Every structure is written in C-alpha cells, then in structure tokens.
Amino acid sequence: DKHELIPSSECLLGCVIFIDEGEYRSTVPNENLCTWTKTLVEHGATVTADLQHPNLTHFVCAYRTGENFRQ
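Residues numbered from 1 in each chain as written. Predicted model: local features only at pLDDT ≥ 70, side-chain atom pairs only at ≥ 80, totals over all residues. Heavy atoms only, no water.

Undergrad: Can you explain the overall build of the chain? Please cite residues and give values.
TA: When its secondary structure is counted, the chain shows three helices and three strands. Every one of the 71 residues in the chain was classed for burial, and the buried ones make up 23%. For the chain, restricting intrachain contacts to residue pairs at least 6 apart in sequence, the fraction spanning at least 24 positions comes to 71%. Between the averaged position of the 5 positive side-chain charges in the chain and that of its 10 negative side-chain charges there is a distance of 7 Å. (Helix = DSSP H or I, 4+ residues; strand = E, 2+ residues; numbered from the N terminus. Buried < 20%, exposed > 50% of the residue type's maximum accessible area, 1.4 Å probe, protein only. Contact = heavy atoms within 4.5 Å. Lys, Arg positive; Asp, Glu negative; His and termini not counted. Charge placed at Lys NZ, Arg CZ, Asp CG, Glu CD.)

Undergrad: With reference to specific residues and values, describe the pattern of salt bridges.
TA: Evaluation of the coordinates by the stated rule reveals two salt bridges. With a shortest N-O distance of 2.9 Å, glutamate 21 and arginine 25 are connected by a salt bridge. Judged by relative accessible area, which is 26%, glutamate 21 ranks as partly exposed. A salt bridge links glutamate 42 to lysine 38; its shortest N-O distance comes to 3.7 Å. In this pair, glutamate 42 and lysine 38 are both assigned in helix 2 (residues 30–42), four residues apart and thus about one turn of the helix distant. (Salt bridge = Lys/Arg side-chain N within 4 Å of Asp/Glu carboxyl O.)

Undergrad: Tell me about the pairing of strand 1 (residues 16–19), and please be specific about residues and values.
TA: Residues Val16 and Phe18 line one face of strand 1 and the alternating positions Ile17 and Ile19 line the opposite face, and both faces are buried. Examined bridge by bridge, strand 1 and strand 2 (residues 46–48) share three bridges and lie parallel to one another. From the neighbouring strand, phenylalanine 18 faces strand 2, where its bridge partner is threonine 48. (Pairing = 2+ DSSP bridges.)

Undergrad: I'd like a rundown of the sheet that holds strand 2, residues and numbers included.
TA: Strand order in the open sheet formed by three strands is 2-1-3, and the pairing between neighbours is parallel. Each of the sheet's edge strands pairs with one partner strand only, and the pair in question is strand 2 and strand 3 (58–60). When the angles between neighbouring strand axes are averaged without regard to direction, this sheet yields 30 degrees. With three bridges joining them, strand 1 and strand 3 adopt parallel strand pairing. Of the residues in strand 3, the one forming a bridge with phenylalanine 18 is phenylalanine 59. Together, strand 1 and strand 2 form the strand contacts of helix 2, whose direction differs from that of strand 1 by roughly 175 degrees. (Axes fitted to C-alpha atoms, helices over the stretch in contact; angles between N-to-C directions.)

Undergrad: Help me get a handle on the nonpolar core, residues and values and all.
TA: Within the largest apolar cluster, eight residues are counted, these being Cys15, Ile17, Ile19, Tyr24, Val28, Leu33, Leu40 and Ala45. Among residues more than four places away in sequence, those in contact with leucine 33 are Glu21, Tyr24, Arg25 and Val28. (Core = buried A, V, L, I, M, F, W, Y, C linked by side-chain atoms within 4.5 Å.)

Laid out in structure tokens, this is it:
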C-alpha cells in the first residue's frame, strides 16, 4: 500500500549500498565512514564492500571522475 507509513528504521530496507571509501579517506575521518555505515544499516540497508554485488542498488562516491564511477 503506497499510503502505508514505513518506520524510519526500515526506510532503506532492500537497498544494497557500496561506499567507495578510498575516495573519502583523504577528506573524511574513518570514524565518520563507520558512522555512515552504521546509520545506513540501522535504517535497513545492507552495506557491501563488493562493487560487483548482484543486488547492488546504490553506489556512493566522492567524485564522478573516479574509476569506479566510470564503470
């Protein structure tokens, strides 16, 4: 039902997210990257380190010029 309210703890349910951490290492502290992952998981997402994950739905990167983005 499109009118059913989804709890915030499940708003990312079904999302499989890859964060290109290598691009953020020089600008974002590691503890912040860990917080991003924790927050995403707390809201129902799966965070993967596998860019080739068969169910990947989202790719988070810092730059559109990076090799992973171009793929």
